[in-house]
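Chain and residue survey
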Amino acid sequence: MTGPLVLGIESSCDETAVALVRGDRTILSQRIASQNEAHERFGGVVPELAARAHADRLAPMVETVLTEAGIALTDVDAIAGTAGPGLIGGVMVGLVTAKALAFAAGKPLIAVNHLEGHALSPRLADANLQFPYLLLLVSGGHCQLLGVEGVGRYRRLATTTDDAVGEAFDKSAKVLGLGFPGGPALERAAHTGNPARFPLPRPLVGSDEPHFSFAGLKSAVLRARAALAEPTAQDIADLAASFQQAACDCLTDRTARAIAAFPEATALVVAGGVAANQAIRATLAGLAATHGLPFVAPPTWLCTDNGAMIAWAGLERLAIGDVDDLHAPARPRWPLDPAAEAVRGAGVKA
Ligand code: KG4
Ligand code: ZN
């Protein structure tokens, strides 16, 4: 099998990424460059620095990916670039690069919603995953439950009323002095911790409303840390583990509710950067088993931002003839389900 070839470009946050993917799910070549050194001393992503780094790196990265695969730009069937949502400077760098390449090669542009990249990425990893599926999309800026009914057909069942779960991981890691990027650092610290030591809140667990909330949990970590005068490494590990357990409980409770609200789902699927967390994956796998649903989680590298998921979303859209022209706008905000009502605080960051 072969199939069309799509070049995917991702630059909406702090990963510069390019991948060349074929319709038969072969990743011919790819590069992902994180910018951790640039942002580390600020304890978070600085949008201006991120955009500059994308501008420096993207064009040579495209050249490397094409050269490594032995593919000429004119052999590619379409150019897919993230057009939002995200940090707008970075989004513009990636989208303009994608437009220039599409124009130069005379190929269609596909302006991809970054969230659609995450939402469809499990189908790149698993050829058996069919629509419709229930997706828990958990990243640095988003925490949503979506009924994925087809390419371009996303029904938002729940979102966060305040922080995204990835943001809660990152802020908690910062408070605990665990460094940057926070999510993976907190997961490492939690390995040796006691998850039952700190009784942290589980906002909205058991509630009749469908949504998530993490601000109260994040603040509780701050208070618990402040109450420890001179914390030992074990104190920090216990607090990290207690936070991670509370986050798992929130995600599981809300997902269980969504399983009931979307009975047509053929699988429970998790995607987005936070889906790299092993404790969360294990808890969701247990939940899926309880409900007799297959559980699908992409490999961890495909959970965090990458170019392959953008190329794959491009391939899925190319297959149904859904391409863009060179007018496609860069969008700092871009909900996957335009019909969903706005919820206070949600979707502020990508
Ligand atoms: O999808 P992503 O790479 O970028 C966005 O679109 O936001 O997600 C990044 C988020 C960050 O909040 C990061 O801390 C979190 O995913 N993350 C993790 C883990 N790996 C990445 N959170 C918890 N455990 C992890 N292992
Ligand atoms: Zn992302």
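As a starting point, this report considers the structure included with it. All of these numbers come straight from a predicted model, not from anything done at the bench. (Residues numbered from 1 in each chain as written. Chains lettered and ligands numbered in written order. Predicted model: local features only at pLDDT ≥ 70, side-chain atom pairs only at ≥ 80, totals over all residues. Heavy atoms only, no water.)

**Looking at the site of ligand 1**
- Taken together, 19 residues are adjacent to ligand 1, and His118, Gly140, Asp170, Glu187 and Asp305 come closest.
- Between an oxygen atom of ligand 1 and a side-chain N or O atom of His118, the distance comes to 3.0 Å.
- Here a nitrogen atom of ligand 1 and a side-chain polar atom of Asn277 are 3.1 Å apart.
- Compared with its free state, where it exposes 550 Å², ligand 1 has 91% of that area covered by protein. (Near = heavy atom within 4 Å. Polar contact = N/O pair within 3.5 Å; in protein donor to acceptor, adjacent residues only side chain to side chain. Areas by Shrake-Rupley, 256 points an atom, 1.4 Å probe, with all protein chains shown as cover.)

**Thoughts on the side chain of Thr255**
- Note on placement: Thr255 falls in helix α8 (residues 233–261).
- Taking relative accessible area as the criterion, Thr255 reaches 0% and is therefore assigned buried.
- The contacts of Thr255, once residues within four sequence positions are left out, are Leu134, Leu136, Leu145, Leu268, Leu284 and Leu287. (Helix = DSSP H or I, 4+ residues; strand = E, 2+ residues; numbered from the N terminus. Buried < 20%, exposed > 50% of the residue type's maximum accessible area, 1.4 Å probe, protein only. Contact = heavy atoms within 4.5 Å.)

**Describing the nonpolar core**
- The biggest cluster of nonpolar side chains holds 49 residues, and the ones touching the most others in it are Leu134, Val138, Val165, Leu200, Phe214, Phe243 and Leu251.
- When residues of this core are assigned to their parent elements, the largest contribution, 12 residues, is made by α8.
- With residues near it in sequence (within four places) discarded, Phe243 still touches Ala168, Phe169, Ser172, Leu186, Leu200, Leu217 and Val221.
- If you look at the next biggest cluster of nonpolar residues, it comprises 32 residues, including Ile110, Tyr154, Leu302 and Met309. (Core = buried A, V, L, I, M, F, W, Y, C linked by side-chain atoms within 4.5 Å.)

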